[in-house]
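Coordinate analysis (summary)
Listed below are the residues making up each chain.
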Amino acid sequence: MTSYQSRLGEGEGIAEELAESQRAISIAEFFEKNKHMLGFDSEARALVTAVKEAVDNALDACEEAGILPDIYVEIQESGDYYKLVVEDNGPGITKEQAPKIFGKLLYGSRFHAREQNRGQQGIGISAAVLYSQLTSGKPAKITSRPKGQDEAQYFELIVDTDTNEPEISVDETTTWERPHGTRIELEMEANMRARSTLRDYIQDTAVVNPHARIEFDEPGLDESLKFERAERAELPDETEEIRPHPHGVELGTLLKMLEATDSYSVSGFMQEEFTRVGGKTADSVIANFNDRHYGRGMAWQPPKVNEDADIEAAVEDAVANKGAETTATFAAAVSDAIHDRDRVAYHEVESIVDEAADEAEADGDTTFGATVRENAVDAAWVAVTDELTADLYALVDDVTTKRKDDAAIEGLASRLADKFADEGRHQLTRDELRGYIDRAADMTEEQDDATYGDTARENVFEALWTAAEGVPEEPPKVADIADDRDTASELLSAMRETDIIAPPTDCLSPISSELVEEGLRKEFDADFYAASTRDASVHGGDPFIVEAGIAYGGELEAEGPVDVMRFANRVPLVYQRGACATTDVVKSIRWRNYNLDQPGGSGIPKGPAVIMVHVASTNVPFTSESKDAIANVPEMEDEIELAIREAARELKSYLNKRQSMQQRREKQDKLATILPEMAEKLTEVTGNDDLHIDDSLARIMNNVLVEREVEDGTVRVHIENNDDTNADVELTDIVTAEPQDTNGATVVEMDGEWFVKWSPTVGAGETAVLEYSVAGEAEFTVSVDGIEDEKLTVNA
Amino acid sequence: MSTDSDTTPDTEEAREQLIDLAADFYDQFADGEVPTMTIPTRTKSNIVFDEDEQVWVYGDRNSTRSAKTISGAEKILKAVYTIDFLSQQLEEDRSSTLRELYYLSESWDLDEAQFNTQDESNNLIEDLEIVSDVKREDFHMRPEESGAKVMGPLLLREQTNRGDREIHCQDDVGQGGYQIPNNPDTIEFLDNDAKFVLCVETGGMRDRLVENGFDDEYDALVVHLGGQPARATRRLIKRLHDELGLPVTVFTDGDPWSYRIFGSVSYGSIKSAHLSEYLATPEAQFIGIRPEDIVEYELPTDPLSDSDVNALESELEDPRFQTEFWEEQIELQLDINKKAEQQALASRGLDFVTDTYLPERLDEMGLL
């Protein structure tokens, strides 16, 4: 639930505009009975949920107003109750809006619109307000100060749970030190048993909202916890609201939309209220709807020449008093038009007759009235449907297995023909047609000792349904559908079975892998961080993006399973870890492949790591209203897995590298003991001078060896790469005399010292030489960057 | 390789060779190079037949130990410490055993320089022999077990720490025979009535031959090999052959392991192929027990075990055994799947070996 605060500098106009798209739904009483669904089932949990809703709300308010959020959360002991205080630096709210915002459940435009935002269903802060009122009997206390106003407003608000009407009991001006923002105080029955959960929630929120500064205080803390804003963090991109996609709505939502729309026709409604629906798509939806609502008209092959039925004669007989010639011409025209077709349905016969009649009228001065036309249609239809068994036999024979004997097919065809004989227009819905087939098949099984299994029946059904023609009826008006649940359900099914392009994905605003990493870096003191952001994907009618991050090593707890942090639309998911798709995916990955310890080869891996997953969507599929766990939607699980694997691959190469560096260090340590001893012994045995073994050591360690050689004022710095990969070296030689002829190196003078900077890439096994000259005596200090210490030997 | 047995380097020379080796490592360090030690690969696949000397020596394949790896650096370190020790030993004109070297390394200040097993120190001494071109005996390193025993009509003079001794290997020795010293090059042959040398694998068979007076009756120098013959034993056999012109015969059990004993007397061992020219007696002849004898004399046998079969098959691929005689015999043995010990001849009576088997075989070989 957002949008309740007017935007900075835009005054009430925006607030009113927003208010226009808001509707009230009275479920205050419903809340009392369904606290558990909303996350208020225990006292400990209620406090967490209240904090969560209030913080989400505050963050959304700031972001919508384009303000970097600065949130203060405090929990105080207050007699038998706990008092929750949440402050933000948002744009403040108007006096008129406050009660609506905090007082009514399901109040807000969010319920219909599709946009990536925290609350999503409008059942957020108001539930917390209601809970506090129900348990403590105290009103919600709200302080708000819009920007630029000298004074702040103070309200006390209480909800009438019978009418879902909020009432303001106190309304006065007050002073407040924040220049703008909102403060809400709620007193409630609660306890602090979920203290660690609360702290985790706040920390997690800080990780996933690196652009926010958050401070948290509760009675158990000596001083408040402060979570600072990440340096480079900016406000998330504003998300764009998109209309719902036809594949992503539920029946309840559809009914509300039907009620609320200004559109008159179904086609207009579809195009107006949904994304990705144009004229053509709307027509497809309507055709599918009509099939369900009106059914299809069964179409039959016109009688063959050798059959008894004669359409022309029948039509001629049915037309009276129109003159022989006119009648004959008319009858021939009808007959020809019917025979031109492969199959013909009742409504097609109607239009053929109408056309022929219109023509006849145009040719002479005869009039073909409605009755005449009806008679002609009936006569022609009787002729067409005179013999159905042969037609049906062909259809059935086509789709049933060759093993079925003629008698069985004949039996089914003739029984089906009998069913059609009862009904004039042969117009029927899927269910009716399926009923015909089932009954005919049952009879055939019973009497002809044949079998028609489900597959055979389904095939026959498909053949007949395909042969049938959609009827050219107008769908009911939107207002009528809105009143009729069954019809609306038919429309929903029609929408779902129509192929429609996936919804646009640019309406999502992921955190971005850079900021995911920044968030982790800010809150966890680890050695390594990786993050990934997937491209947008779609489930149902809703686009979504998955992001993952991993932190490893450092101060992270090395014992026990890794910490899995779950987020949906920048909100930490606190409860029901085990029921969450994210957890399932983490468990299913073979972490040993990524060099993490995983006892038994499955389950949550162990070690000093944090794995975070963020799902951003216009509609995150939660397992319940309390929005604690992401449902197991296959498309989403796939994306979660890919995002985690992407980050895990970086972790793997880091761990590999770390291991090889470790081995290198161990080898270096060992050789650093052995080789000097060897050199000393050799000196002793041979009686020669002391040995310098740095060069040998560098070569042994596959190191990059930097050496200097000075001769007659010419300085040569050698960089010898003994490794088997290229080395990108940044070398700075600090010289106390001015260097000449520096061969492309950059030279900067500072306080009588010259910094000769040179950045060569030295291939494996190669040596690069930087040569320059100095006049007179000089001292040199070299510093080398770009090479790990383990791999560098400087001998200059 | 100092192949000429007459010109063994004296102590100072040996010491210098060792120090030169250390100097090579020193120079590699001084040049900023990685110290390395290259030695021939000491496996079956890297021995070749030296046509001139008629013995098997190492081929062209080399293994390099480089200080680039920890294990290579440790090997070179141990080599340097050992060189230091040996050069001091030579300077003081003392000697020590291989086992003493192994324990002595415990006293070295650096853990990495100490030997982990005696095999390691033994191998290192052999490596040093190869790269320094000096024999172990000239480093004054001796094996723990000394050479075997000789019984027969031979008069010799041995330089001992307690002065020179003249010894007749029948008249001046007990039933056990003359004990071969660690460095048989300290022996000078004075006189002999021997017609041939008979090397015997097992102690039991040697005692049988001596008890039956075989050495006396046939003027044989009976040399006890005692399993795989020590270097001193092989060296003495070679000298008996080269200097006294005595034919050498070898009498062992009839199983693949005994054929290897013959192989090391005759062709040289793989591990000491660098010394083949100094130790091997290519002219040595195999008496038996041949697989053929097992069949011919219907000797009591044991079935071949799996490892026997593997050893026989591996011998078929061993370049040293790729002769018509050995291929025939080994294939026969695989065929009959049996092996027999020397003592199995006792099944025909205690005198069968001296009265019948050996005279028949030696006659066949044209030595009687």
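Residues numbered from 1 in each chain as written. Chains lettered and ligands numbered in written order. Predicted model: local features only at pLDDT ≥ 70, side-chain atom pairs only at ≥ 80, totals over all residues. Heavy atoms only, no water.

Observations concerning the interface of chain A and chain B
Convention followed: Between two residues, a contact is recorded if the distance between any of their heavy atoms is within 4.5 Å. Once two parts are put together, the accessible area they lose, assessed with a 1.4 Å probe and summed over both, is termed the buried area. In the sections that follow, a salt bridge refers to a side-chain nitrogen of Lys or Arg positioned within 4 Å of a carboxyl oxygen of Asp or Glu. Polar contact criterion, stated in full: a pair of N or O atoms within 3.5 Å, where within protein one must be able to donate a hydrogen and the other to accept it, and residues adjacent in sequence count only if both atoms are side-chain atoms. Counting from the N terminus, the helices are the DSSP runs of H or I reaching at least four residues and the strands are the DSSP runs of E reaching at least two. Residues are grouped as follows: Ala, Val, Leu, Ile, Met, Phe, Trp, Tyr, Cys and Pro are nonpolar; Asp, Glu, Lys and Arg are charged; all remaining types, including Gly, are polar.
On the chain B side, the residues contacting the 26 residues of chain A number 27 residues. Between chain A and chain B, a total of about 2300 Å² is buried, with carbon and sulfur atoms accounting for 73% of that surface. Viewed at the interface, chain B and chain A are joined by two salt bridges. One salt bridge connects E112 of chain B with K670 of chain A, and the closest N-O pair in it is separated by 3.4 Å. The tally of links between chain A and chain B comes to five residue pairs in polar contact (both at pLDDT 80 or more). At 15 residues, helix 22 (residues 634-686) of chain A tops the list of elements feeding residues into the side of chain A that touches chain B. Of the residues assigned to the side of chain A that touches chain B, the class counts are ten nonpolar, seven polar and nine charged.

Remarks on the sheet that holds strand 26 (residues 767-774) of chain A
Which entries qualify depends on this criterion: Between any two strands, at least two bridges found by DSSP are needed for them to pair.
Within the open sheet, the five strands sit side by side as 22-26-19-18-28 (chain A). Their pairing is mixed. Looking at strand neighbours, the two that pair on one side only are strand 22 (739-740) and strand 28 (792-795) of chain A, the edges of this open sheet.

Focus: a negative patch on the surface
Going by this rule: In this scheme, patches are assembled from residues that exceed 30% relative accessible area and form no salt bridge. Like charges are connected within 9 Å, while nonpolar side chains (Val, Leu, Ile, Met, Phe, Trp, Tyr) are connected within 5 Å. Here the Shrake-Rupley method, with its probe set to 1.4 Å, supplies the accessible areas, and only the displayed protein chains count as covering residues. Charge counting treats Lys and Arg as positive and Asp and Glu as negative, with His and both chain ends excluded. Charge coordinates come from a single atom per side chain, which is NZ of Lys, CZ of Arg, CG of Asp or CD of Glu. Think of it in three bands: with a 1.4 Å probe and only protein chains considered, a residue is buried below 20% of the maximum accessible area for its type, exposed above 50%, and partly exposed in between.
A cluster of like negative charges, contributed by D10, E13, E16, D20, D24, D27, D31 and E33 of chain B, occupies part of the molecular surface. By relative accessible area, which is 40% here, E33 of chain B ends up partly exposed.

Quick notes on helix 3 (residues 43-64) of chain A
Because the α-helix completes a turn every 3.6 residues, residues three or four places apart line up on one side. All names here are of chain A. Cut-off, in case you're wondering: Here the expected span of a helix is defined as 1.5 Å times the quantity of residues minus one.
In this model, helix 3 (22 residues) spans 32 Å end to end at C-alpha, consistent with the 32 Å of a helix rising 1.5 Å per residue. Most of helix 3 sits inside the fold, with 20 of its 22 residues counted as buried. Looking one or two residues beyond helix 3, the residue adopting positive phi is G66, at roughly 75°.

Thoughts on the sheet that holds strand 2 (residues 81-88) of chain A
Whether parallel or antiparallel, the strands of a sheet pair through hydrogen bonds between backbone atoms. Residue and element names in this part refer to chain A. Inclusion rule: For every element, the axis is a line fit to its C-alpha atoms; helices are fit only across the contacting stretch, and the angle between N-to-C directions ranges from 0 to 180 degrees.
Judged by pairing direction, the sheet is mixed, and its eight strands sit side by side in the order 5-4-3-6-2-1-7-8 without closing on themselves. Either end of the sheet is taken by a strand with one partner, and the two such strands are strand 5 (165-174) and strand 8 (225-227). Averaged over all neighbouring strand pairs, the angle between strand axes comes to 15°, with direction disregarded.

Brief notes about the packing of aromatic side chains
Residues and elements named next belong to chain B. Put simply, the test is: Each pair of aromatic rings taken from Phe, Tyr and Trp, with Trp reduced to its six-membered ring, is defined by centres within 6.5 Å and is described as stacked if the planes are under 30 degrees apart, edge-to-face if over 60, and tilted in the remaining cases.
If you walk through the whole model with that rule in mind, you get 27 aromatic pairs over all chains. With centroids separated by 5.8 Å and ring planes inclined at 80°, the aromatic side chains of F262 and Y267 adopt a geometry described as edge-to-face. In this pair, the class of F262 matches that of Y267, namely buried. Feature note: the residues Y259, F262, Y267, F286, F321, F325 and W326 constitute an aromatic cluster, connected by ring pairs.

Coordinates in, geometry out; function isn't part of it.
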